Amino acid sequence: MPRSVTVLVGTKKGAYRFKSGASRERWRLVGQDFAGEPVYHVAFDPRDGQTLFAAINATWGGPRIEVSRDLGASWKTAKNPAFRAGSPLTFSRTWHIEPGHASDPGVVWCGTEPAALFRSEDHGMTWEGVVGLNDHPERTHWSPGGGGLGLHSIAIDAADRRSMMIGISAAGVYESTDGGLTWASANKGSKAVLPAKGDTSDLGRCVHHLVAHPTVAGARFQQNHVGVYFSAGNGWRNVTKGLPGDYGFAAAIHPRDPATAYVFPLEFPMRMNGVAGGVYRTTDGGKRWTRQARGLPPGGRYEVMREGLATDRFDPAGVYFGTASGELWGSADAGRSWSRIAEHLPPILSVGTATV
């Protein structure tokens, strides 16, 4: 049984780690790393229970990936991803780092800008480009979203290590069933927000965040630029009805129940929550949504970024979100009520958890 959870927070000026016991009633700051540097993502590797990865995208000094084997007590700089010789592309940012399948203990994946996927076989210290995606023939049709052309979501199937999806803004979802050798667009059922440049009807999607269920095969969930969607492996099902709008960035799925998921709707183009703001939860696969705002300030106006919503693996599950105004909120009862863990942080870019 897990005994504690650490919330991993990436901000525009460093990374923070807040720890609590199983009750999740009292929190303490246990670490602050990479002061002054933008940290887009901090990821925990549940396979060994000790490794963290940090995606740092510094204006001065450039991007880099840091790896810790002791839950953040010390860090080591990894070799940066790099495109093949002669490629017109140059690595500029890391958006997301995803530990591989439990049956692949040394494999780690990362998504970058310009949109590309890289694979490591030595626990994240060196990286090789995934040619089947990075040289995909549809690449010329991909269009940058508002934050650039980034591969920001990596969703690995719980049962099949060779099955995975990735999300690109703005191209959409691509799927591989052979471990990354070949890729096909997987946007059936989702709406196009940008007109495709080429003669195809399956591009022009702007997926904002895509997640896979950690234990249930085939279960996927995404927040799109235009809609919220579930998938069980046969296309996407629009479940936006019942939400205050179809726009937002953050999405999370319950650690055990694939029919329970969370989003943080935002008003467009303000990119902040409106009068009906709060976390919205479904427990029936999107048939009904309920606003979960008990404990949040009435009328609070928050922006939550694409990596800014996460769950832990306790029962009941903890849910956490971080805001662009530097507030970190947590729920120890699966989202029913909220308490503030921290405030006055730099703008929060990502929230993750390490349940150990």
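Reading the values: rules and limits
Residues numbered from 1 in each chain as written. Predicted model: local features only at pLDDT ≥ 70, side-chain atom pairs only at ≥ 80, totals over all residues. Heavy atoms only, no water. Buried < 20%, exposed > 50% of the residue type's maximum accessible area, 1.4 Å probe, protein only. Helix = DSSP H or I, 4+ residues; strand = E, 2+ residues; numbered from the N terminus. Pairing = 2+ DSSP bridges. 1 Å grid on protein atoms, 1.4 Å probe; cavity = no way out; pocket = protein on both sides within 12 Å on 5 of 7 lines; lining within 4 Å. Points joined across faces, edges and corners; volume = space filled by probe spheres on them. Nonpolar A, V, L, I, M, F, W, Y, C, P; charged D, E, K, R; others polar. Salt bridge = Lys/Arg side-chain N within 4 Å of Asp/Glu carboxyl O. Axes fitted to C-alpha atoms, helices over the stretch in contact; angles between N-to-C directions. Contact = heavy atoms within 4.5 Å. Phe/Tyr/Trp six-rings, centres within 6.5 Å; stacked < 30°, edge-to-face > 60°. Lys NZ or Arg CZ within 6 Å of the ring centre and 35° of its normal.

1. A short note on the pairing of strand β6 (residues 62-68)
- Burial runs high along β6: 6 of the 7 residues are buried.
- The pairing of strand β5 (residues 51-58) with β6 spans 7 bridges and is antiparallel. Paired with N57 across the strands is P63, a residue of β6.
- Counting the residues between successive antiparallel strands, the hairpin from β5 to β6 contains 3 residues, one of them, G61, with a positive phi of roughly 105°.
- Where β6 lies against strand β7 (residues 76-77), 2 bridges are found, and the strand directions are antiparallel. Note that in β7 the partner of V67 across the bridge is K76.

2. Regarding the layout of surface pockets
- The computed volume of the largest pocket comes to approximately 970 Å³.
- Taken together, 40 residues line the largest pocket, and the ones lying closest to its centre are F44, E98, A212, P214 and R313.
- When residues of the lining of the largest pocket are traced back to their parent elements, those giving at least two are β4 (39-45), β8 (93-99), β12 (150-156), β16 (207-212), β20 (248-253), β24 (309-311) and β28 (348-355).
- Tallying contributions element by element places β28 first for the lining of the largest pocket, with 5 residues.
- A class-by-class count of the residues in the lining of the largest pocket yields 23 nonpolar, 11 polar and 6 charged.
- By residue class, the composition of the lining of the second largest pocket is 15 nonpolar, 6 polar and 6 charged.

3. A look at the sheet that holds β5
- Judged by pairing direction, the sheet is antiparallel, and its 4 strands sit side by side in the order β4-β5-β6-β7 without closing on themselves. Of all strands in the sheet, those with a lone pairing partner are β4 and β7, marking the two edges.

4. With respect to the pattern of salt bridges
- According to the stated counting rule, one finds 16 salt bridges in the structure shown.
- Residue R119 pairs with E121 through a salt bridge whose shortest N-O separation is 3.2 Å.
- According to the relative accessible area criterion, E121 is exposed, its value standing at 62%.
- R301 is the salt-bridge partner of E267, the closest N and O atoms lying 3.3 Å from each other. Of this pair, E267 sits in the loop between β21 (261-265) and β22 (279-282) while R301 sits in the loop between β23 (290-292) and β24, and the two are 34 residues apart along the sequence.
- Note on R301: relative accessible area 35%, which makes it partly exposed.

5. What to know about the sheet that holds strand β17 (residues 220-224)
- Spatially, β16-β17-β18-β19 is the arrangement adopted by the 4 strands of the open sheet, whose pairing is antiparallel. With one partner strand each, in any of the chains shown, β16 and β19 (236-238) form the two edges of the open sheet. On average, adjacent strands in this sheet sit at an angle of 25° to one another, irrespective of strand direction.
- The pairing of β17 with strand β18 (residues 227-231) spans 5 bridges and is antiparallel. For F221, the partnering residue across the bridge sits in β18 and is F230.

6. Quick notes on the environment of S163
- When you line up the elements, S163 lands in the loop between β12 and β13 (164-169).
- Counting along the chain gives 31 residues from S163 to G132, while the straight-line C-alpha distance between them is 14 Å.
- If sequence neighbours within four positions are ignored, S163 has contacts with A155, I156, D157, E175, S176, T177 and R220.

7. Focus on the pairing of strand β14 (residues 172-176)
- With respect to burial, β14 is a largely interior element, 4 of its 5 residues being buried.
- Bridge analysis of β13 against β14 gives 5 bridges, and the strand direction is antiparallel. Looking across to β14, one finds that M165 is bridged to E175.
- Hairpin connection from β13 to β14: 2 residues lie between these consecutive antiparallel strands.
- Inspection of the sheet shows β14 paired to strand β15 (residues 184-185) by 2 bridges, in the antiparallel sense. Note that in β15 the partner of E175 across the bridge is A184.

8. Focus on empty space enclosed by the protein
- Inspection of every chain in the model, using the stated rule, returns 1 cavity of 30 Å³ or more.
- Estimated volume of the largest cavity: approximately 30 Å³.
- As for the largest cavity, its lining consists of W95, G147, G148, G150, H152, S169 and R306.
- Split into classes, the residues belonging to the lining of the largest cavity amount to 1 nonpolar, 5 polar and 1 charged.

9. A few points about the packing of aromatic side chains
- Applying the stated criterion across every chain, the model contains 14 aromatic pairs.
- In this structure an aromatic cluster arises from ring pairing among F264, Y302, F321, W329 and W338.
- Over the ring of W95 we find R306; its NZ or CZ atom is 5.4 Å from the centre of that ring.

10. Digging into unusual backbone geometry
- With omega at 10°, the peptide bond leading from F268 into P269 counts as cis.
- Residue P316 is reached from D315 by a cis peptide bond, and omega for that bond is 5°.
- Mapped onto the elements of the fold, P316 is located in the loop between β24 and β25 (319-322).
- Backbone geometry places F34, a non-glycine residue, at a positive phi of 60°.
- Here F34 shows up in the loop between β3 (28-33) and β4.
- Relative accessible area serves as the criterion here: at 12%, F34 is assigned to the buried category.
- Unusually for a residue other than glycine, A334 sits at a positive phi of about 65°.
- Note that A334 resides in the loop between β26 (328-331) and β27 (339-342).

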